[in-house]
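Observations on the model geometry
What follows is the residue order along each chain.
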Amino acid sequence: FIYRGVSLSTGEQVLPQFSNSFQSLFKSILTNVETRFSSFCDNEVIVAAEVFDPANFPKEKDDLAGYGVKEIGVLLKHFKNVLEAQGCDTAAVAREWTQLKLAIFCHFTNESFTNLWKRMLTKKRILYLNVLHLVHIILVMPWQQLRLSASFLASREFWEIGGSV
């Protein structure tokens, strides 16, 4: 069958060619994404910010006690001036973090990242006022947009440079 001057065929011989092309394209995209965003893995603040992702929470309650303690410390140190300017009681953050992560573990483990923090920042804000200062800062930082659009950026760049595999 010919369509606009291109011979189209079906059958068992086309599937392996398509599969090989698809795998090569997919590997190339992954390589480009890893290269582009590799510096994020080295930034301690960005790594620490992942503590707020419910997908990273421990699966067992026994592992919850130590979860995020170091990361919260990194974030407190890094954003100290901003937090103090906002009137945050940084001494209360550790206590609130303990309460907040227990509440998330017990009641909100199936929530998406966006839904969890929308709920916490609107309906539970008064309970976790100080630690939510940190969450708010993390949510408005530009890297959260990257979290949502990294694959689109990499794919667009791939095609803009010619899309060669």
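So, a few notes on the structure that sits alongside this text. Quick caveat: nothing in here was measured; it's all calculated off a predicted structure. (Residues numbered from 1 in each chain as written. Predicted model: local features only at pLDDT ≥ 70, side-chain atom pairs only at ≥ 80, totals over all residues. Heavy atoms only, no water.)

1. Brief notes about helix 3 (residues 69–78)
Of the residues making up helix 3, those classed as buried are Ile72, Val74, Leu75 and Leu76. Looking at the buried positions of helix 3, the neighbouring elements they touch are helix 2 (44–49), helix 4 (80–85), helix 5 (90–107) and helix 7 (131–140). (Buried < 20%, exposed > 50% of the residue type's maximum accessible area, 1.4 Å probe, protein only. Helix = DSSP H or I, 4+ residues; strand = E, 2+ residues; numbered from the N terminus. Contact = heavy atoms within 4.5 Å.)

2. What about the pattern of salt bridges?
Evaluated as defined, the whole model comprises two salt bridges. For Lys80, the salt bridge goes to Glu84, with nearest N and O atoms at 3.4 Å. With Lys80 and Glu84 both in helix 4, this residue pair falls four residues apart, about one helical turn. Taking relative accessible area as the criterion, Glu84 reaches 42% and is therefore assigned partly exposed. Residue Arg119 pairs with Glu111 through a salt bridge whose shortest N-O separation is 2.9 Å. Take Arg119: its relative accessible area is 32%, and that puts it in the partly exposed class. (Salt bridge = Lys/Arg side-chain N within 4 Å of Asp/Glu carboxyl O.)

3. Comments concerning the environment of Trp117
Here Trp117 shows up in helix 6 (residues 113–123). Separated by 18 residues in sequence, Trp117 and Val135 have C-alpha atoms that sit 7.9 Å apart. Not counting chain neighbours up to four residues away, the residues in contact with Trp117 comprise Phe52, Pro54, Leu100, Ile104, Leu132, Val135 and Leu139.

4. Some points on the packing of aromatic side chains
Enumeration according to the criterion identifies five aromatic pairs in this entry. Centre to centre, the rings of Phe52 and Trp97 are 5.6 Å apart; their planes meet at 90°, and the pair counts as edge-to-face. With Phe52 in the loop between helix 2 and helix 3 and Trp97 in helix 5, this pair connects stretches of sequence that are 45 residues apart. On the accessibility criterion, Phe52 (1% relative accessible area) is buried. Through a chain of ring-to-ring contacts, three or more aromatic side chains come together here, namely Phe52, Phe57, Tyr67, Trp97 and Trp117. (Phe/Tyr/Trp six-rings, centres within 6.5 Å; stacked < 30°, edge-to-face > 60°.)

5. What about the nonpolar core?
Phe52 and Trp117 are the most contacted members of the largest nonpolar core, which totals 34 residues. Contributions of two or more residues to this core are made by helix 2, helix 3, helix 5, helix 6 and helix 7. (Core = buried A, V, L, I, M, F, W, Y, C linked by side-chain atoms within 4.5 Å.)

6. Here we look at helix 5
Under the 1.5 Å per step criterion, the end-to-end length of helix 5 is 25 Å for 18 residues, consistent within 8% with the ideal 26 Å. Of all the bends in helix 5, the largest measures some 30° and sits at Glu96. If you follow the buried residues of helix 5, they end up packed against helix 3, helix 6 and helix 7. (Expected span 1.5 Å × (residues − 1). Bend = angle between axes of the 7 residues up to and from the residue.)

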